[in-house]
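Survey of secondary and tertiary structure
One-letter residues, chain by chain:
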Amino acid sequence: MPVTARRSSAPPFDLKAFFATRTEAVNRALDRFLPSETTKPATIHKAMRYSLFAGGKRIRPALCLAAAEACGGRDELAMPLACAVECIHTYSLVHDDLPAMDDDDYRRGKLTNHKVYGEGIAVLAGDALLTAAFEIAARCKGWGRYSHQKIILEIASAAGSLQLIAGQVADLEGEGRKISAKELRYIHERKTSALLCCAVRLGGMSANCAPAQLKALTAFGYNVGLAFQVIDDILDVTQTSDKLGKTAGKDTKAQKATYPAILGLEKSRKIAEQLTNRAFAALKGFKGRAAALEGLAKFLLLRDR
Ligand code: GRG
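Nothing here was measured: the structure is a model prediction, and the numbers come from that model. (Residues numbered from 1 in each chain as written. Predicted model: local features only at pLDDT ≥ 70, side-chain atom pairs only at ≥ 80, totals over all residues. Heavy atoms only, no water.)

**A word on the pattern of salt bridges**
Here is the rule: By definition, a salt bridge exists where a carboxyl oxygen of Asp or Glu is found within 4 Å of a side-chain nitrogen of Lys or Arg. Labels follow the DSSP assignment, with helices taken as runs of H or I lasting at least four residues and strands as runs of E lasting at least two, numbered in each case from the N terminus.
Scanning the entire structure with this criterion turns up 15 salt bridges. Its salt-bridge partner being Asp 105, residue Lys 115 comes within 3.9 Å of it at the nearest N-O pair. Of this pair, Lys 115 sits in helix α5 (residues 113-117) while Asp 105 sits in the loop between α4 (75-96) and β1 (106-107), and the two are 10 residues apart along the sequence. For the salt bridge of Arg 303 with Asp 232, the shortest nitrogen-to-oxygen distance reads 3.8 Å. Pair noted here: Arg 303 is in the segment after α15 (291-302) and Asp 232 is in helix α10 (residues 211-238), with a separation of 71 residues, a long-range link. Linked through salt bridges whose partners overlap, the residues forming this network are Arg 22, Glu 69 and Asp 75.

**What to know about the nonpolar core**
Going by this rule: Side-chain atoms within 4.5 Å are what join buried Ala, Val, Leu, Ile, Met, Phe, Trp, Tyr and Cys residues into a set we call a nonpolar core. Relative accessibility under 20% of the residue-type maximum defines a buried residue, over 50% an exposed one, and the middle range a partly exposed one, all with a 1.4 Å probe and only protein chains included. Contacts between residues were defined by any pair of non-hydrogen atoms, one from each residue, lying within 4.5 Å.
Ranked by size, the top nonpolar core spans 73 residues in total, and within it Leu 81, Leu 202, Phe 220 and Leu 293 carry the most contacts. The leading source of residues in this core is α4, at 10 residues. When near neighbours in sequence (up to four residues on either side) are disregarded, Leu 202 contacts Cys 64, Leu 81, Val 85, Ile 151, Glu 154 and Ile 155. Counting residues in hydrophobic clusters, the runner-up holds 16 residues, among them Ile 187, Leu 226, Ile 234 and Leu 275.

**What to know about unusual backbone geometry**
Cis rather than trans, the peptide bond between Lys 40 and Pro 41 has omega equal to -5°. In this fold, Pro 41 is placed in the loop between α1 (15-33) and α2 (42-52). The phi angle at Arg 58 is positive, at roughly 60°, despite the residue not being glycine. Of note, Arg 58 is situated in the loop between α2 and α3 (59-70).

**Structural notes on empty space enclosed by the protein**
So the rule is basically this: Two kinds of site are reported from a 1 Å grid over the protein atoms alone, namely cavities, where a 1.4 Å probe fits but cannot get out, and pockets, open sets with protein on both sides within 12 Å along at least five of seven lines, and residues are called lining when an atom falls within 4 Å of a point. Grid points are joined across faces, edges and corners, and a volume is the space filled by probe spheres set on the points. In this count, Pro and Cys sit with the nonpolar residues alongside Ala, Val, Leu, Ile, Met, Phe, Trp and Tyr, while Asp, Glu, Lys and Arg are called charged and the others, Gly among them, polar.
In this structure the tally under the stated criterion is 2 cavities of 30 Å³ or more. Lining the largest cavity we find Tyr 50, Ser 51, Ala 54, Thr 90, Leu 93, Val 94, Asp 97, Arg 107, Arg 108, Leu 111, Thr 112 and Asn 113. For the lining of the largest cavity, the secondary structure elements donating two or more residues are α2 and α4. Sorting elements by how many residues they give to the lining of the largest cavity places α4 first, with 3 residues. Taken together, the residues that form the lining of the largest cavity break down as 5 nonpolar, 4 polar and 3 charged.

**Here's the deal with α15**
In plain terms, the rule: For a helix, the expected span equals 1.5 Å multiplied by the number of residues minus one.
In a regular helix each residue adds 1.5 Å, so 12 residues correspond to 16 Å; α15 covers 16 Å between its end C-alpha atoms and thus fits that length. Those residues of α15 that sit buried are Ala 291, Ala 292, Leu 293, Glu 294, Gly 295, Leu 296, Ala 297, Leu 300 and Leu 301. Of the surrounding elements, those touching the buried residues of α15 are α1, α3, α10 and α14 (265-282).

**Brief notes about the site of the ligand**
Which entries qualify depends on this criterion: Whether a residue is near a molecule or strand depends on its heavy atoms: it is near if one of them lies within 4 Å of it. For the purposes of these results, a polar contact is taken to be a pair of N or O atoms within 3.5 Å, where, inside protein, one atom must be able to donate a hydrogen and its partner to accept one; residues adjacent in sequence count only when each atom of the pair is a side-chain atom. Accessible areas in this description were obtained via Shrake-Rupley with a 1.4 Å probe; residue shielding takes into account the shown protein chains only.
Taken together, 18 residues lie around the ligand, and Lys 57, Arg 60, His 89, Asp 96 and Arg 108 are the ones closest in. Between the ligand and Arg 60, the relevant distance is 2.8 Å, taken from an oxygen atom to a side-chain nitrogen or oxygen of the residue. Within the side chain of His 89, one N or O atom sits 2.7 Å away from an oxygen atom of the ligand. Surface burial for the ligand is 92%, taken as the share of its 710 Å² of free accessible area covered by protein chains. At the level of elements, α3, α4, α8 (164-174), α9 (181-206) and α10 are the ones that each hand at least two residues to the shell around the ligand. For the shell around the ligand, the residue count by class is 5 nonpolar, 7 polar and 6 charged.

Read these as spatial facts, not as claims about activity.
Right under this line is the structure:
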């Protein structure tokens, strides 16, 4: 099934330029928000920065900024929220790589945090990144329809024990056990889709978007988030460790339930396309203003790492 993004006579959207400029702006903002490497105790700040600047794709911040732009908002207002989500994402990776969880030596092509700084500091670096996310987000005063409190609650619920952590718990408990496609969706919705969706929603909130726009962004974020994880599962079995910058084939080795394991590669690819098409459909009310969101959804579907 082909993906069906909006047809228009507008010039094609330059996603490469969008990604490059937004990534640079996000990196500058993260650098400003985080204590410097030499701030005491230096070890923890070095460890936090090691993972935060290890070459992540910055997908969640890009989605947040693109959503703000789709709603007529401004990047500088969305930026603290985009950075907060990236800090939470990075914390989750640092903790996920620990021996007590997924036990991985490589992430983003570099040694994992605990391999460089030791397990104790890696736990603390993750804790500190999670805390930093709330400190950064707390700088937003809120917008007419979305109070400061609503913004903080939005982040806390995506990162908390009903979403991101619930997904990780179910993932850990599912290892080596046969699980159904329904249980797998439960894991993917929480472990991956919740934070991506939160990034998109926060972008809209920073633009004081209308309730209908927030609903559309939620549908977009949910579907893109799920498609992202289905593709991640596919890449784990089709790509090399070199290409992924992390150990490939780990899911199979750990007997983890994944879309390809349960449904096969071809069906998994179809599902990712279907989800991406649903994400596109959610954007129809934005007319021409959602080109960046569309471009990102297509990029995430077609990515190879
Ligand atoms: C430890 C609370 C806790 C949660 C861990 C992040 C996570 C949950 C598990 C890691 C493994 C995994 C498959 C996560 C799903 C999300 C995902 C695919 C993360 C990778 O995201 P990318 O590709 O990473 O955006 P980069 O490195 O580009 O930032």
